[in-house]
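# Survey of secondary and tertiary structure
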Amino acid sequence: MNTFFLKIICSDKVFFEGRCQNVILPTPDGQKGVLAHHENMVVAVEIGELRFQTKEGEWNTAVVSKGFAEIINNRVSVLVNAAERPEDIDVLRAREAKERAQERLRQKQSIQEYYLSQASLARAMTRLRASKSGKKYI
Ligand code: ATP
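- In the annotation of an unreviewed UniProt entry, the entry for the protein reads ATP synthase epsilon chain, and the organism field reads [Clostridium] hylemonae DSM 15053.
- Looking at the Function (unreviewed entry) heading of the UniProt record, one finds this comment for the protein: "Produces ATP from ADP in the presence of a proton gradient across the membrane."
- Listed in UniProt under the heading Subunit (unreviewed entry), the comment for the protein reads: "F-type ATPases have 2 components, CF(1) - the catalytic core - and CF(0) - the membrane proton channel. CF(1) has five subunits: alpha(3), beta(3), gamma(1), delta(1), epsilon(1). CF(0) has three main subunits: a, b and c."

Okay, here's the thing in structure tokens:
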């Protein structure tokens, strides 16, 4: 079977490492699927849901923040600020983060603050969307 080595690293831990058949990355241009022996490249990773299929065929989801992925010699390294499994998402925390970001967006802010608030809102919305019990708070 054609597999490649995937390592997902976030700021505080190695989220996953192992052989995979497929990874689907959220990128600024949409979803990008990577299979074994993909050409070497570096691609930006956006806030979103990253899906990967292990060697055994099992699909997993990681809710990721911004970062990048490097594909070199059949190894895919994903470096992101944060990564969570949908079942580990704290829905209350994501709801509060969403409300804080929405409140900031209602107020006058500098362009830089506006982009930070937008990113906070996107992270919170993605977490709520990915979490089974969080969907109703979107
Ligand atoms: P908050 O304002 O609630 O801290 P945030 O979007 O600013 O949210 P991040 O900076 O993306 O948080 O993440 C900081 C750390 O907290 C990371 O380890 C991330 O995985 C974790 N984290 C953030 N929000 C949640 C959540 N709702 N459930 C579980 N883990 C979370």
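## Considering the UniProt feature "domain: ATP synthase F1 complex delta/epsilon subunit N-terminal" (unreviewed entry) in the protein
- Feature annotation in UniProt places "domain: ATP synthase F1 complex delta/epsilon subunit N-terminal" (unreviewed entry) on residues 5-83, given in this structure's numbering.
- Annotated as 0% helix and 73% strand, the span residues 5-83 places its first and last C-alpha atoms 18 Å apart.

## Description of the packing of aromatic side chains
- For the coordinates displayed, the defined rule picks out two aromatic pairs.
- Here the aromatic rings of F16 and F52 are separated by 4.5 Å at their centres, their planes lie at 45°, and the arrangement is tilted. Placement of F16 in strand 2 (residues 13-27) and of F52 in strand 5 (residues 48-54) is noted, with a sequence separation of 36 residues between them.
- A residue is classified by how much of its surface remains accessible, and F16, at 18% relative accessible area, is buried.

## Here's the deal with the pattern of salt bridges
- All told, the structure shown has six salt bridges when counted by the stated rule.
- Note that R85 and E87 form a salt bridge whose closest N and O atoms lie 3.7 Å from each other.
- With a relative accessible area of 40%, R85 lands in the partly exposed category.
- Classification of E87 by relative accessible area gives exposed; the value is 58%.
- Ionic contacts of the salt-bridge type, sharing partners, join the residues R85, E87 and D88 into one network.

Reading the values: rules and limits
Residues take numbers from 1 onward in each chain, read along the sequence in its written order. Under the rules for a predicted model, residues below a pLDDT of 70 receive no local features and side-chain atom pairs below 80 are neither given nor counted, while totals for whole chains, interfaces and linings still include all residues. Excluding hydrogens and water, the side-chain figures rest on all heavy atoms present in the structure. UniProt positions are given in the numbering used here, feature names are shortened, and annotations may be inferred rather than shown by experiment. Helix and strand labels come from DSSP, where a helix needs a run of H or I of at least four residues and a strand needs a run of E of at least two; each type is numbered from the N terminus. Stacked, tilted and edge-to-face are the three classes applied to pairs of Phe, Tyr and Trp rings, where Trp contributes its six-membered ring and a pair requires centres within 6.5 Å; stacked means planes under 30 degrees apart, edge-to-face means over 60, and tilted covers the rest. Accessibility here uses a 1.4 Å probe with only protein chains present; expressed as a share of the type maximum, an area under 20% marks a residue as buried, one over 50% as exposed, and anything in between as partly exposed. For salt bridges, the criterion is a side-chain nitrogen of Lys or Arg within 4 Å of an Asp or Glu carboxyl oxygen.

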